[in-house]
Amino acid sequence: MRKPLVVGNWKMYKTITEAVDYVDQIKGALPTPEKVEVEIAVPTLFLQSLVERTATSPLKIAAENCFYHDEGAFTGETSPVALRQLGVKHVILGHSERRRLFYETDEVVNQKVHAALNAGICPILCVDETMKRGQSHGQVAWMVSQVIAGLKGVNEDEMARVTIAYEPSWAIGSGKVAATPSEANEGCYLIRQTIAALYNDQIANRIRVLYGGSVNETNLVDLMARSDIDGVLIGRASLDPTNFLKLVSIVSASEGGSDA
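An account of the accompanying structure is given in this report. (Residues numbered from 1 in each chain as written. Predicted model: local features only at pLDDT ≥ 70, side-chain atom pairs only at ≥ 80, totals over all residues. Heavy atoms only, no water.)

## Description of the packing of helix H1 (residues 16-26) against helix H11 (residues 241-253)
Packed helix pairs are specified by the crossing angle of their axes together with the interaxial distance, meaning the distance between the axes.
Phase 1: Closest axis-to-axis distance for the H1/H11 pair is 10 Å, and the angle between their directions is 40 degrees. Classed by the angle they form, the pair H1 and H11 counts as oblique. The handedness of the crossing between H1 and H11 is right-handed. Counting all contacts with H1, which are made through Tyr 22, Gln 25 and Ile 26, the residues of H11 involved are Pro 241, Phe 244 and Leu 245.
Phase 2: Looking at side-chain class alone, the contact of H1 with H11 contains 5 nonpolar, 1 polar and no charged residues. (Axes fitted to C-alpha atoms, helices over the stretch in contact; angles between N-to-C directions. Helix = DSSP H or I, 4+ residues; strand = E, 2+ residues; numbered from the N terminus. Parallel < 35°, antiparallel > 145°, perpendicular 65-115°, else oblique. Left-handed = near helix turned anticlockwise from the far one by under 90°. Contact = heavy atoms within 4.5 Å. Nonpolar A, V, L, I, M, F, W, Y, C, P; charged D, E, K, R; others polar.)

Structure representation (structure tokens):
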């Protein structure tokens with residue numbers, strides 16, 4: 001059975017004082033890591049302090065982004081090798097905000113995936129739908145195309161370190177799921193079937209697929225009961241430590257639907 005993964009994505013929120021206070025509040029209150037893995041993706045500025053502060057805790061600190069070169073004249077960018085040396089295990093790549101606001105193409109995202117893997121970091125590859133299925137045509141196929149493009153050139157051994165996050169951008173930050181749990185599971189299922197087509201069933205059954213899109217206490221139980229949802233990528237709802245702990249507890253208590 002695939003172990004659930006909960007990732008809180010802070011985006012560009014909090015000061016270092018707020019970040020340290022948050023981590024101190026939750027790092028000793030998490031469920032056993034045998035039940036659920038918990039990570040917080042934080043701004044680059046906070047990474048070293050928070051990695052050191054959580055060194056003996058089940059809480060792990062992830063990066064929100066990295067560049068596709070290890071070093072060079074790239075002002076303002078973050079080296080994946082430097083992230084690895086800090087002790088960062090996961091990095092979020094291809095988030096819809098990066099694609100929309102910073103014009104990251106599928107090719108750029110793919111380069112970042114390879115750079116992270118080469119540096120020894122596990123990428124969380126985000127793929128997106130822009131609108132509800134009922135409002136447009138072809139967006140499911142487009143989401144699948146982002147999976148194919150993002151994983152171009154990634155071999156079978158490397159796939160063991162990849163996580164996929166399905167995040168319909170029309171649901172992100174809306175304060176409501178927008179996708180019903182069955183719709184969310186459908187998207188995750190299509191991703192898994194795409195992985196099976198690209199690689200094989202064994203890899204597809206092993207890879208974790210997360211859902212991200214206005215996750216909250218109301219919908220999380222139903223989301224985690226779905227067979228192809230292995231965890232969640234939480235944005236706004238992860239900013240409050242008490243609320244985040246509640247969501248982690250729900251995931252930890254879930255039975256899940258996977259028999260992989």
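## Topic: the pairing of strand E5 (residues 122-127)
Phase 1: By the criterion of burial, E5 is predominantly enclosed, with 6 of the 6 residues buried.
Phase 2: Of the two faces of E5, the one carrying Cys 122, Ile 124 and Cys 126 and the one carrying Pro 123, Leu 125 and Val 127 are both buried.
Phase 3: In terms of strand pairing, strand E4 (residues 90-93) meets E5 through 4 bridges, oriented parallel. Among the inter-strand pairings, Ile 92 is bridged to a residue of E5, identified as Ile 124.
Phase 4: Bridge analysis of E5 against strand E6 (residues 163-166) gives 4 bridges, and the strand direction is parallel. Bridge pairing links Cys 126 to Ala 165 in E6. (Buried < 20%, exposed > 50% of the residue type's maximum accessible area, 1.4 Å probe, protein only. Pairing = 2+ DSSP bridges.)

## A look at a positive patch on the surface
Phase 1: On the surface, Lys 3, Lys 60, Arg 84 and Lys 89 cluster together to form a positively charged patch.
Phase 2: Within the element layout of this structure, Lys 60 appears in strand E3 (residues 59-63). (Patch = residues over 30% accessible without salt bridge, like charges linked within 9 Å, V, L, I, M, F, W, Y side chains within 5 Å. Areas by Shrake-Rupley, 256 points an atom, 1.4 Å probe, with all protein chains shown as cover. Salt bridge = Lys/Arg side-chain N within 4 Å of Asp/Glu carboxyl O. Lys, Arg positive; Asp, Glu negative; His and termini not counted. Charge placed at Lys NZ, Arg CZ, Asp CG, Glu CD.)

## Quick word on the packing of aromatic side chains
Phase 1: In total, this model carries 5 aromatic pairs according to the counting rule given.
Phase 2: With centroids separated by 4.8 Å and ring planes inclined at 80 degrees, the aromatic side chains of Trp 10 and Tyr 22 adopt a geometry described as edge-to-face. Here Trp 10, found in the loop between strand E1 (5-9) and H1, pairs with Tyr 22, found in helix H1; they are 12 residues apart in sequence, far enough to count as distant.
Phase 3: Centre to centre, the rings of Phe 67 and Tyr 68 are 4.3 Å apart; their planes meet at 25 degrees, and the pair counts as stacked.
Phase 4: Since its relative accessible area comes to 11%, Phe 67 is described here as buried.
Phase 5: Given the relative accessible area of 27%, Tyr 68 is considered partly exposed.
Phase 6: By the ring-pair criterion, three or more aromatic residues cluster together here, those being Trp 10, Tyr 22 and Phe 244.
Phase 7: Taking the ring centre of Trp 10 as reference, the NZ or CZ of Lys 14 above it sits at 5.4 Å.
Phase 8: Stacked on the ring of Phe 102, the Lys or Arg Arg 98 has its end atom at 4.2 Å from the ring centre. (Phe/Tyr/Trp six-rings, centres within 6.5 Å; stacked < 30°, edge-to-face > 60°. Lys NZ or Arg CZ within 6 Å of the ring centre and 35° of its normal.)

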